[in-house]
Structures are given as structure tokens and as C-alpha cells.
Amino acid sequence: MLNNMTDTEEGEGGPNSQGDGNPKESSPFINSSSASDVEKSQQYDGKNMALFEEEMDNSPMVSSILSSLANYSNLPQGSKEHEEAENEEGDGVSKAPSLGTLMGVYLPCIQNIFGVILFLRMTWMVGIGGVFGSFFIVFMCCSTTMLTAISMSAIATNGVVPAGGSYYMISRSLGPEFGGAVGICFYLGTTFAGAMYILGAIELLLVKIQAIVFICSVPFTMLNNMRVYGTIVLSFMATVVFVGVKYVNKLALVFLACVILSILAVYAGVIKTAIEPPVFPVCILGNRTLISKGFDVCAKVIEQDNGTITTKLWRIFCDSEFLNATCDEYFANNNVSEIQGIPGVTSGILAENLFGYYLEKGDFLEKRGLSAVQDQEVPITNSNRYVLADITSFFTLLVGIYFPSVTGIMAGSNRSGDLRNAQRSIPIGTIAAITTTSTVYMSAVVLFGACIEGVVLRDKFGEGVNGNLVIGTLAWPSPWVIVIGSFFSTCGAGLQSLTGAPRLLQAISRDSVIPFLKVFGQGKANGEPTWALLLTASICEIGIIIASLDAVAPILSMFFLMCYMFVNLACALQTLLRTPNWRPRFKFYHWALSFLGMSLCLSLMFICSWYYAIVAMVIATCIYKYIEFAGAEKEWGDGIRGISLSAARYALMRLEEGPPHTKNWRPQILVLLSMDAEQNVEQPRLLSLTNQLKAGKGLTIVGTSVVGTFLNNHAEAQKAEQSLRKLMETEKVKGFSQVVISSNLRDGTSHLIQVGGLGGLKHNTVLVSWPRTWKQPEDNLRFRNFIEVVRETTAANMALLVPKNIAAYPSNGERFTEGHIDVWWIVHDGGMLMLLPFLLRQHKVWRKCKMRIFTVAQMDDNSIQMKKDLITFLYHLRIDAEVEVVEMHDSDISAYTYEKTLVMEQRSQILKQMHLTKNEMERESVAVSRPKQVQLIQNKNATPTSPTSPTTPAGGAATPGQEMQMTWTDKAENQAAAAHPEQGGVKDIFNMKPNQSNVRRMHTALRLNEVIMKKSKEAKLVLLNMPGPPKNRMGEDNYMEFLEVLTEGLNRVLLVRGGGREVITIYS
């Protein structure tokens, strides 16, 4: 390829005569033009960065973009809330996220976790399941949410989570299919939660608040009452949400205050029972609990005016008020007794309530320990006068009803766009909220069992205690604190559900993962999801029509449990796959905990209700398959291998659909090795470095080329491939080997770069060793091949890694116990310089090394602000590193720089013009590459008298150009004069003046090398931006010389070129 270049191609943009009459390269770097070259010369002159100036359009200076990298906006476009849109209308100024851990995460989680179940079903659950059973249920559910919170914290701190909460986390971790399926499940769960809260509020109205006017007072019409009132309340709430979300948000703190005050009132009441138990009588006939309505005295007869008269209770069970009346047999055979409903925490009632008391539907609520006379053959009469079990109760039912009371842990992550420091606030706030609520729930189980009589606990609607809320009677100073507090908290939670669910549906719709939902992504001009709100209210109405809190609770439990299960799965998979982007700032997680949480969620789904669990899974599967509908056709072969081939083909077809997201980007490395005459690898340490980089896993292709033809050299190629495989096995590199046979090495290498890999499983990074003997005449072709590799990787938008002095790199068996990996971040090329040290430090060789990042500040840069911005940027990247900004002030170009540039150009021109024989080239190379013989001026940093004509040193020391003249022969001069008579002889070369562009680039290389040596001489590894390759062949020698000067004196250097795309992100 290189050998086929024509003179015309070499001279493209060729020599121009500009002022000094000497040949001048138009621009030896990619992406440049003559006009822009002049402008950039003026722009970057004196800025010490001329070596990188030709690529500033594609790879800007770090100092110019650092501020924008640090000061990102973590709210996606179009995600403003209605309230923000109204508040900001007219001023156009967006507010910075300002919520801290307490207001942004902890309190919203507390508000969402505490809810209707605590006030309406907790006491009933303790009475039915017993203290032991209830405590186990609470512990199991709270453990599930705690494990989920740990997984969620890891995901949420793995970058910035824009508004979208769990849906965003799952969809970006597991892909659009899982994300869409789980997102819809979470949406349905949130919607049914709204129905549950509304039903709870209506139950409080109809059962607990006596002033309500019933549509019909017959008990059997209770369900219809709940449906009618529930529909009215739902319509009112939906209207409030439609008209003004900001009122809902502003009332959130009021609703939260009601919840907290109610809970404090319960604890105060428990303490008071130890001192003075409240009067809370319960009437018992035999051992059956009586409905308190219809009678005023818990006795059959009372003494009045020296006579015995019957009571209202007598008239309920007997056919007349007289003592000789015919009465219900059970009433006649058993005594009426009155017990204290809340005997107090010191009464010892806890022992009676330790174990469960499960009931069938229609069973009597009976007090343990009381005997009763009952004839089994006599039919039961007046059953409507006793408190009966309204549903059949069992352990799994209790789990399904209780679980919604521990949901709401996503409230913090849903507000991530409003948090000042989401990566710190979400884990702390969420885990603290779960710890607080779990403590309250567990203590409530024990305290309810220790304070309240069992029959009262099992009386779900308080029928035996005048319809009072049991937990309200326990509270101090008044039961109305609980009644009003619980009513407002349920209303507030319902409003929050009707506010959040439409926005979640809108986020799913706008992602376009489910096409038929696109219409719900639209809304009012301010982004309010009108259509999504309408659908949410319609689905919520289904829950209202069910009209039973106990029937709705397991439904939403299914959807929440499925969502939590996939959060745990996402964390476990990310941890096990060890993707390069998986760098959570929250460190207290483990894949085993995530799998335990996932297993608990799956178990609870089937414990709560196996048929609901199957329905939820069918819904999720249908959505998954619908999203995947355009996927590859299944092709089943026979046996395991056929399945593997089908899976591999399917995976390759999926990879072909598009480039990977930045989060999933990892270096898929093509390692270019050279072989000796015996087909043995010349640089085995390249594979050691490859192994150390593969903490990110991914693809590895180890390739080499053999000169010849396929027919004649096939045996050599096989031998080379065996050598590669043997070395890969020794170095524990998992990947593929590839050997190509070509007429020359240049073409063979080019073929490997072009066709390596298969389909979407292609390399994106090339690893090639630095040609350390490039100055030797016999290696002239090798270094030109190297530059062609640089050119081709740039053209193919691949990253390039060039380790210099590869023999000094550590083997896989070595360990660094201390030291630094230094990154010199000069231009931004997609973040490769940040990602590579992170990957290296995952390997045991580099694990103990600390990372330092240096960036360069110019004269007009604010180095203090740059350092702050860089620290902020690294914090969001979840990368721990020391940061230092190195100031490189403007300085005059020294005479030493001119001398070194002149030597370089003279050597280059002589090689081009003279076409030296091999012996003459060797002699010339020895003379030019002998740095000790180059005599410098007395002060290396002194300013020359003329920028283009350096002062000759005192003492008559010869300049490098003069030293080169001494090595020249008359024969060479005569050959040069004959070949190029217009040049006026070879001696004119030594009168040439250095190219100003080359002088500035040499100045950059020397200055950078000076500061790098000062800061990083002792570093275990230095990573450095690699300047762009020459545009044409005229500047190749100069380019190599620039890189040599840039890295001179450093032990291990890894030159890095990005592939033209971002490979690291602050987002989760």
C-alpha cells in the first residue's frame, strides 16, 4: 500500500515557496488547510500547544471544555414539571438542583412508605397473624426493600440518573425490552396504588367518620358505597392534578406532617397505657364478640328501682322484653361479659397475642381463654349481631396486603433531577428512610400485640368498638389525630400516585419503545401529560370498582415486586459483567445481595398470590415480546451446539443494529504483533498489557501478517498462529488469533484493521508497539508502516494505544505495591485517558497504584477554577484520582529548540533528496542521531537574536548542521548536484532555515516533556494524548521525532488516541 504511492500523492499539498525560499510543508497533519494553518499558527503561537493544534476542531483543549463537562444539566429536555414551567415562565432562568438528602430523599421516602396499611390494616394483621407471624412478615418485606435499596443505590450512584427513576435505571441497565416491560409494570403498580389510597380514604369516611351521609345504610351495599364515593374522589383528584400539580407538591409537606404526627401520637398513647390505660370496653357473649351498635349496656338485665329489667341487648336476641321471653339458645346458655379492649402495655396481653388466629370467612371473632356453651346441632341464629370475619385469612394473604406498606422506596431516585448531590443523597436518604420505617413497623407489631386485646385487633372495621379506629383509640391525646391524619395522608398519597404515574407513562411513551403508547407522550404546551393522566384515571377506576382494599393491595404488590426484582437483577448483572462503565460511588453492594433480593421478590410474588404473579409475568412477557417483535428469526438446530449457534447468530445480529451506547463501550482490542524469522512473537509483553486491560472484558483479536502468498506460505502462517495461541494461553488472554498472508507487511496490517472481527463483534481499538529502532535505516519501512496504522485507525474512527518501551512493562506475575498511574490530559478525545487507568487498576498488577490526572492551563486560563471543574467531573465519573493543573506560561522559543528542529529538518531533507545508499544512510544516521555531539548554546533557554537564525555558540563549537557537513562526502555532493541541479548543491541544505510550524511543534514537545519529567518521572505509567498523524509523507520523519522528544526520558509511556466518540459517561 505504502509502496504503491505515486509522486503526485506524495506531493499533495506539496512544497510551497514562502518567504525564505525553502521547501515548506503545507501541513503535515490531518484535517488542515493552508488558510486555517496560518490562522491557527497565530492563534496557538506562544500557547505551547502547537503539536496538537491541527486537531483542535475534533479534540478540543481540555481547558476549553472542562467547565462545560463539570457544569452539566442532569434534567433531560422536556422533563420539567408543571410547577417549574409555570414558575419559570417569563424569566427563562432555570434553577439549579437544590434539594438535599433530608428534603429531597428522606422525607419523600418516609411519606411514600408510611400509608394507609399502617393505619387501617396493621392492627388487624397483628391480630390474625400473631406477633411472631406479623413480625416475620414485616422483617421479610423490609429486608426485600432494603436489599433492593442497596442495589438501587449502586445503580443510582453509577452516574447521573435523570428524572425517570426506576424505569430509567432498569431500561438503561437491561435494555429497552426489559425496561419497557418493567416500566409498564411499575406504572400499573403506581396506578393501582392510587386506587388503594382512595379506597383507604373512602373506608375512613364510610366506617370511621360517623357524620357521613350514606347513600344506602344496608351493610351489603358497602361495596357500592365505596364505588360511588371512590369514583367521586378519583374525579376530584384527577381534576386537581390536571389543573395544578404545584398545589400537590406544596401540600406534600402538610400530608407528611400529618403522617409523622399520627405516628408520634401512637407512641405517646402506648406510653400512656402503661400509666393509665384508656377506657375501651368490648362486649362478649360467651366467647363471641358482639357488634356494639343497637345496645347501650353490655348486660342481659340490669337492676333498676329494686327491680330487674331487660336491656336492649336482651331485645336483640329475644322475642320480647319480658324475662319469660323466648331467646336465642346461645344467648340463653352463655353469659355476657365486658372486657377492656386496650389493657395496656404492662397487662401481659402480649403472651396471648404471640401466635396467629386465622379465620374462615363468616367465622365469629372469639376471645381466647373464655369458655362458651354451644350445641353444634342447633343452627346459628342472629349471626348478624356478632362480629364476623369478612374474608378468609391465611399467611400469604397477609403478606400480599402488607407489602404495599413498604413500597415507595423509589421516591428519592424519582427526584434525582432535583437533588443537589444525587450520588450522595439517594443511598443515604433511601436507606435511612427504610431503616426508620422498618423500625417503626417492627416496633408497632410488638407494641400492638402488647397493648391491645386480640379480639379488638382482629376486628378489622371496629364493629365491636362503636366503629372506632383501633389505632386511633390507642393514640394520645385524641383518636381524631389518627383519623384526620390518616385521612389526609391517604389523600396525599393518592394525589402523589396520580401525579407520578402519568409522568412515568409519558417517559415510557417518549422513549418510543412501545409504539402504540406514543399518543400518551403528548400533553399540554407546558409538558403536562394530559392523555397519560386520562388513561391513569381510567385504570385507577378499575381498582375503585373492585372496591376492596384487601383485593387491590396484592395486585399492586405484584407489580412493585416485579419492578424491585429487576432492579436487583440489573445490579447483579452489572456487577458480574464488570462493564467499564460500572463504577458505583456507593460501595456497599455485592452481587450475592442483589441475587438474594431478587429471589425474595420472586418468592414474595408467589407467596402473595400465585395467580396474580402469573398474570403479572404474562403481561410483562407480552410487552417484552412486543418490543422485541422486530428481532431476529429463531433458528433452532439439533443439540446444544445448534442452540449455541443460533444464540450466537442472534446476538451478532442484535449487535449489528447499531453502535453500542457509551455506557456499554469497552475496548475491543486488535493487538498487532510482529513475528521474527522463526515465526515467534517479538513483543510478548503486548499481550501482558492486553490481559491487564481486559478487566472490561470484551473482544480481543491478536493478529499478525506473514509476507508471501497463501499457496507458498500457508505452513508459515499456521506456525505463526500456533505461536500466537501458545502465547495467548501463557498470558491468559481470552480471545481469537488471526494471521493473514500478504505480499507485504503494510497491506497485511491494513487487512487486519479492516476485516478483523465478525458483524457487530468488531474491534474498536488497535494496540501496536512503538517502533523503538525507527531511526535505523533498516527499520525505515517499519516506522512508515507504523504511521500508516495511525492514519488508518484515525480514518476508521478507532482508538489507538501505543505503548513505548514495551519491554519495561510489567508481566502478569508482577505486583506494584505503590506508585502512580499518571494521566496527562491535554486534549479531550472521548475519555479514553480516563477509562484506561480505571481498567488497568482492576488488575492485580496495578491495583495498588493510585491515579493522578494532570491537565495543562495556559496563560489566560483560570487554573483554580479548572481544578475545581476537573474534580467535579471526576466525581460524576465515579473515578478516584488526584488532580493537578499544570500552568505552562508563554515563553520564548529557545535556541535549543531551533537547533533541534534544524537538525531534524536537515536529516529529513537529505534523506529525501539524496536517495542515499544503505551504507551512506547508516553513516549519516549515526552522525545525526548522536545527541551528545550536538553542542548547544551556553544558555539553553536564552532568546536567539533572530527567530530564524540562532546565534552561533561562542567558542567556535560546531552546530549540528556543520557536524553533518563534516560527515558528507564529495561523491554525495556531486550526486545531489547532478540529481537536482536547481537546488544549487547539497550544501544549500545546510543554509536552510527551520520551518516555523515545525519550530512551534518542537517547542510544544520540549515544554511538555519538561513538565511531564518534572511531575511524572517516577510514575509507574504515564498516559498521554498522542498528536495526530502527518497528512502526507513529507512530514513522517518529523512526526516521529516530535513523539520521541515528547516522551524522552520516561520509562513507561502509553500514547493514546481516541476513536472520535465518547467512551465514558457521567450517566447511569
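For clarity, every value in this text was computed on a predicted model and none was experimentally measured.

Colleague: Can you tell me about the overall build of the chain, naming the residues and giving the values?
Modeller: Along its length, the chain carries 36 helices and 17 strands. A total of 1068 residues make up the chain; the buried ones form 56% of that total.

Colleague: So what's going on with the pairing of strand S3 (residues 281–285)? Residues and values would help.
Modeller: Summarising burial for S3: four of the five residues are buried, a large majority. Relative to strand S7 (residues 336–340), S3 runs antiparallel, the two sharing five bridges. In the sheet register, Val282 faces S7, and the bridge partner there is Ile339. Between the end of S3 and the start of strand S4 (residues 288–289), which pair antiparallel, lie two residues, with Gly286 showing a positive phi angle near 65 degrees.

Colleague: Quick rundown of the environment of Ser486? Include the residues and the values.
Modeller: Along the chain, the position of Ser486 falls in helix H19 (residues 479–510). Exposure remark for Ser486: the relative accessible area of 1% places this residue in the buried category. In sequence terms Ser486 and Leu120 are 366 residues apart; their C-alpha atoms lie 8.6 Å from each other. With residues near it in sequence (within four places) discarded, Ser486 still touches Phe119, Leu204, Ser262 and Leu469. Polar side-chain contacts of Ser486 include one of 2.6 Å to the backbone oxygen of Ile482.

Colleague: Go over the nonpolar core, please, and point to the residues and values.
Modeller: By size, the foremost hydrophobic cluster in this structure holds 163 residues, and its most contacted members are Met122, Tyr402, Tyr441 and Phe448. For this core, the element with the highest residue contribution is helix H9 (residues 176–208), accounting for 20 residues. Apart from the residues within four sequence positions on either side, Tyr402 is in contact with Ile117, Met122, Met125, Ile137, Val138, Cys141, Cys142 and Tyr441. Formed by 58 residues, the second largest nonpolar core is a distinct cluster that contains Val706, Leu833, Phe838 and Val1056.

Colleague: So, the packing of helix H10 (residues 222–243) against H19: which residues are in play, and what are the values?
Modeller: Where H10 contacts H19, the axes come no closer than 10 Å and their chain directions differ by 55 degrees. Judged on the interaxial angle alone, H19 and H10 are oblique. Where H10 crosses over H19, the two elements pack in a sense that is right-handed. Contacts from Leu234, Met237, Ala238, Val240 and Val241 of H10 reach H19 at Cys491, Gly494, Leu495, Leu498 and Thr499. Its residues placed into classes, the contact of H10 with H19 shows eight nonpolar, two polar and no charged.

Colleague: Kindly report on unusual backbone geometry, identifying the contributing residues and their values.
Modeller: Cis rather than trans, the peptide bond between Trp476 and Pro477 has omega equal to 15 degrees. A positive phi angle, close to 60 degrees, is found at Arg878, a residue other than glycine. You can see Arg878 is positioned in the loop between helix H30 (863–876) and strand S15 (882–887).

Colleague: Could you give an account of the pattern of salt bridges, naming the residues involved and the relevant values?
Modeller: Where side chains of opposite charge bring their charged atoms close, a pairing between them can arise. Here the structure, examined in full by the defined rule, presents 15 salt bridges. Measuring nitrogen to oxygen at the nearest pair gives 3.0 Å for the salt bridge that ties Glu792 to Arg746. Here Arg746 lies in helix H27 (residues 745–755) and Glu792 lies in helix H28 (residues 780–795), a separation of 46 residues in the sequence. With a relative accessible area of 15%, Glu792 lands in the buried category. Arg746 sits in the buried class, given a relative accessible area of 3%.

Colleague: Got a sec to walk through the pairing of strand S8 (residues 669–672)? Specific residues and values, please.
Modeller: Burial along S8 is two-sided: the residues Ile669 and Val671 and Leu670 and Leu672 are all buried. Two elements, S8 and strand S9 (residues 700–707), share four bridges in a ladder whose sense is parallel. Bridge pairing links Val671 to Val702 in S9. Sheet topology places S8 next to strand S11 (residues 765–768); four bridges connect them, and they run parallel.

Colleague: Break down the state of the cysteines for me, with residues and values.
Modeller: Going through the model one piece at a time under the given rule, you end up with two disulfides. Note on cysteine connectivity: Cys283 is disulfide-linked to Cys298, with sulfurs 2.0 Å apart. Across the S-S bond linking Cys283 and Cys298, the dihedral sits near 85 degrees, which makes this disulfide right-handed. Of this pair, Cys283 sits in strand S3 while Cys298 sits in the loop between S4 and strand S5 (301–304), and the two are 15 residues apart along the sequence.

Colleague: I'd like a rundown of the environment of Gly830, residues and numbers included.
Modeller: Secondary-structure assignment places Gly830 in the loop between strand S13 (820–825) and helix H29 (832–840). For the pair Gly830 and Ile1064, spaced 234 residues apart in the sequence, the C-alpha separation amounts to 7.1 Å. Discounting chain neighbours no more than four positions away, the residues touching Gly830 are Arg1061, Glu1062, Val1063 and Ile1064.

Colleague: Quick one: what's the story with the sheet that holds S15, residue by residue and with numbers?
Modeller: Pairing in this open sheet of ten strands is mixed, and the strands run S10-S9-S8-S11-S12-S17-S16-S13-S14-S15 from one edge to the other. The outermost strands of the open sheet, each flanked by one partner alone, are strand S10 (736–742) and S15. Going across the sheet, the axis of each strand differs from the next one's by a mean of 20 degrees, ignoring polarity. Alignment of S11 against strand S12 (residues 799–804), held across three bridges, turns out to be parallel. Looking at the pairing, Leu767 lines up with Leu801 of S12.

Colleague: Which residues make up the side chain of Ser262, and what are the values?
Modeller: By the secondary structure assignment, Ser262 is in helix H11 (residues 245–275). Its relative accessible area of 0% is what places Ser262 among the buried residues. With residues near it in sequence (within four places) discarded, Ser262 still touches Phe119, Val481, Ile482, Gly485 and Ser486.

Colleague: For the packing of aromatic side chains, give the residues involved together with the corresponding values.
Modeller: Taken as a whole and judged by the stated rule, the model has 23 aromatic pairs. Ring centres 6.0 Å apart and planes at 15 degrees place the aromatic pair Trp825 and Phe873 in the stacked group. Here Phe873 lies in helix H30 and Trp825 lies in strand S13, a separation of 48 residues in the sequence. Judged by its relative accessible area of 6%, Phe873 falls in the buried class. Taking the ring centre of Tyr386 as reference, the NZ or CZ of Arg288 above it sits at 5.2 Å. Over the ring of Phe838 we find Arg583; its NZ or CZ atom is 5.3 Å from the centre of that ring.

Colleague: How would you explain the confidence of the model for the chain if you had to name every residue and give the values?
Modeller: Low pLDDT means the predicted atomic positions in that stretch should not be read closely. Across the chain, the average pLDDT comes to 77, with 76% of residues at 70 or higher. Least confident of the elements in the chain is helix H33 (residues 960–967), whose mean pLDDT is 36; most confident is helix H22 (residues 591–608), at 93. Scored below 50 in pLDDT, residues 211–220 makes eleven contacts in the model with residues more than four places away or belonging to other chains. Across residues 915–919, confidence stays below pLDDT 50; counting only partners more than four residues off in sequence or on other chains, it has six contacts.

Colleague: Explain H30 to me, and be specific about the residues and the numbers.
Modeller: The end-to-end C-alpha distance of H30 is 20 Å, a good match for the 20 Å that 14 residues give at a rise of 1.5 Å each. Of the positions making up H30, those classed as buried are Ser863, Met866, Asp869, Leu870, Phe873, Leu874 and His876. Buried residues of H30, seen end-on, are gathered within an arc of 155 degrees and therefore sit on one face of the element. Residues of H30 that are exposed and angled more than 90 degrees away from the buried face: Ile864 and Lys868. You can read the cap of H30 off the contacts: a side-chain oxygen lies 3.2 Å from the backbone nitrogen of Ile864, and it is on Asn862.

Rules behind the numbers
Residues numbered from 1 in each chain as written. Predicted model: local features only at pLDDT ≥ 70, side-chain atom pairs only at ≥ 80, totals over all residues. Heavy atoms only, no water. Helix = DSSP H or I, 4+ residues; strand = E, 2+ residues; numbered from the N terminus. Buried < 20%, exposed > 50% of the residue type's maximum accessible area, 1.4 Å probe, protein only. Pairing = 2+ DSSP bridges. Contact = heavy atoms within 4.5 Å. Polar contact = N/O pair within 3.5 Å; in protein donor to acceptor, adjacent residues only side chain to side chain. Core = buried A, V, L, I, M, F, W, Y, C linked by side-chain atoms within 4.5 Å. Axes fitted to C-alpha atoms, helices over the stretch in contact; angles between N-to-C directions. Parallel < 35°, antiparallel > 145°, perpendicular 65-115°, else oblique. Left-handed = near helix turned anticlockwise from the far one by under 90°. Nonpolar A, V, L, I, M, F, W, Y, C, P; charged D, E, K, R; others polar. Salt bridge = Lys/Arg side-chain N within 4 Å of Asp/Glu carboxyl O. Disulfide = S-S within 2.5 Å. Phe/Tyr/Trp six-rings, centres within 6.5 Å; stacked < 30°, edge-to-face > 60°. Lys NZ or Arg CZ within 6 Å of the ring centre and 35° of its normal. pLDDT = per-residue confidence, 0-100. Expected span 1.5 Å × (residues − 1). Arc of directions from axis to C-beta.

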